[in-house]
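Structural characterization, general
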Amino acid sequence: MPELPDPFSEPFGTIFAPSVATATNMGQGYDYQGVTPLAELRLHPGAHALHYGSTCFEGLKAHRQQDGSVAIFRLADHVARFAQSAETLRLPFPEEEVVRQMIIDSVSANLGHTPQSPGSLYIRPTLLGIEANIGAAAAPSKHALLYILNSPVGDYFAGGVRPLTLLVQTELPRTTPQFGKVKSGANYVMALGPTLEAKADHAADQVLFAPGGDITETGAANFFMIDDQRIITRNLDDSFLHGITRESVLTIAGELGYAVEERELSLEEVKAWCPDGEIFLSGTAAVVAPVGKLIVDGETVRVGDGQPGENTLRVRQVLTDIQVGAEADSHSWLLSVSG
Ligand SMILES: Cc1ncc(COP(=O)(O)O)c(C=O)c1O
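Residues numbered from 1 in each chain as written. Predicted model: local features only at pLDDT ≥ 70, side-chain atom pairs only at ≥ 80, totals over all residues. Heavy atoms only, no water.

**As for the nonpolar core**
Threshold: Within this scheme, the nonpolar core is defined by two criteria: the residues are buried Ala, Val, Leu, Ile, Met, Phe, Trp, Tyr or Cys, and they are joined through side-chain atoms within 4.5 Å. Remark: exposure states derive from per-residue accessible area (1.4 Å probe, protein chains only) relative to the maximum for the residue type, with buried under 20%, exposed over 50%, and partly exposed in between. A run of H or I in DSSP counts as a helix once it spans at least four residues, and a run of E counts as a strand once it spans at least two, with each numbered from the N terminus. By definition, residues are in contact when any of their heavy atoms lie within 4.5 Å.
Ranked by size, the top nonpolar core spans 28 residues in total, and within it A62, I72, L75, I103, V107, I123 and L127 carry the most contacts. Contributing elements (two or more residues each) for this core: β1 (19-25), β4 (60-64), β5 (70-73), α2 (75-88), α3 (96-109), β6 (120-129) and β7 (144-153). Top element by residues in this core is α3. It accounts for 5 residues. Those residues in contact with I123 that sit more than four places away from it in its chain are E58, G59, L60, K61, A62, I72, I103, V107, I148, L149 and N150. Residues I232, L265, W273 and V296 belong to the second largest nonpolar core, which totals 25 residues.

Laid out in structure tokens, this is it:
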């Protein structure tokens, strides 16, 4: 097994495990080629994805369990969301069962590269429209390439669990309304300019997109408010990504006895929440990440005492305990993978 760099000393997503599962569809249905060594892709320069953006992806994790085995977290839910993204982009998609098996096969081949907790093996299923046709701006790609890339990871936010600073963006949405719940690269590149400006001008970690004061999500995670009694997050609609961690967090919080509120959330309400409440972000990469400060119209609003709050850390602990088998998996979120 080749030695890979320590994922905690390299940026998230820059180390790649040596095996990839690949399937192609050249117009006659998908052909699964199995697991092969990681290698560069050969694509026709006229590939649809390169010109018309017909590409989407997923992000999920395999966790090393306390007993040394490895398990994938919420596999079926991620594959279902992937299928939905593919449908919006009008890309052919295999039977979900095939994609689940491809993911299991990739993790099985890269089992030895799954770091100990709090590290994990980040799994990046990727789908590209590869039909060579630069006249197909208004036609779908009939050909597609699907591959499952694995990356051993440490912390998403450099510095581990620390209070984040969010710049609240009220003028721009993260993406277009009909693409909010699609996990497509175009969404991220749309958020890039505002995110870079927020970093450069305000030393912010992330942008909280709240067009017209309507709180949605950040560039890569969902938004929550919590205190000793309640947990509040934006109700689902097409404007933002339906996070699977979001759903896990709501389930866990409900079981811990918090009253769960999914509803519209205004910037005014968030500001009023800050002195006494807690705020955090959730995502596969972000896990549960405490927020210490919001920057609103150039003004800094501290969240509580600016440090990670105890309710946030409690929810985070239960989630991460379930992920590594330290707490009962009562919802069957884990799928064990062997080598
Ligand atoms: C824009 C955006 N929102 C929310 C999330 C959280 O989704 P999940 O919890 O399924 O990872 C992600 C990350 O994957 C994301 O990229």
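From this point, things continue past the structure.
**Some details on the pattern of salt bridges**
Where we set the bar: The term salt bridge refers to a pairing of a side-chain nitrogen on Lys or Arg with a carboxyl oxygen on Asp or Glu at a separation within 4 Å.
This structure, assessed with the given rule, holds 15 salt bridges. Salt-bridge contacts for E261 lead to R230; the nearest nitrogen and oxygen are separated by 3.1 Å. Placement of the pair is E261 in strand β13 (residues 259-262) and R230 in strand β12 (residues 230-233), with a sequence separation of 31 residues. Among the salt bridges present, the one from E261 reaches R263, with a minimum N-O distance of 2.9 Å. Salt bridges linked by common partners bring R230, E261, R263 and E269 together as one network.

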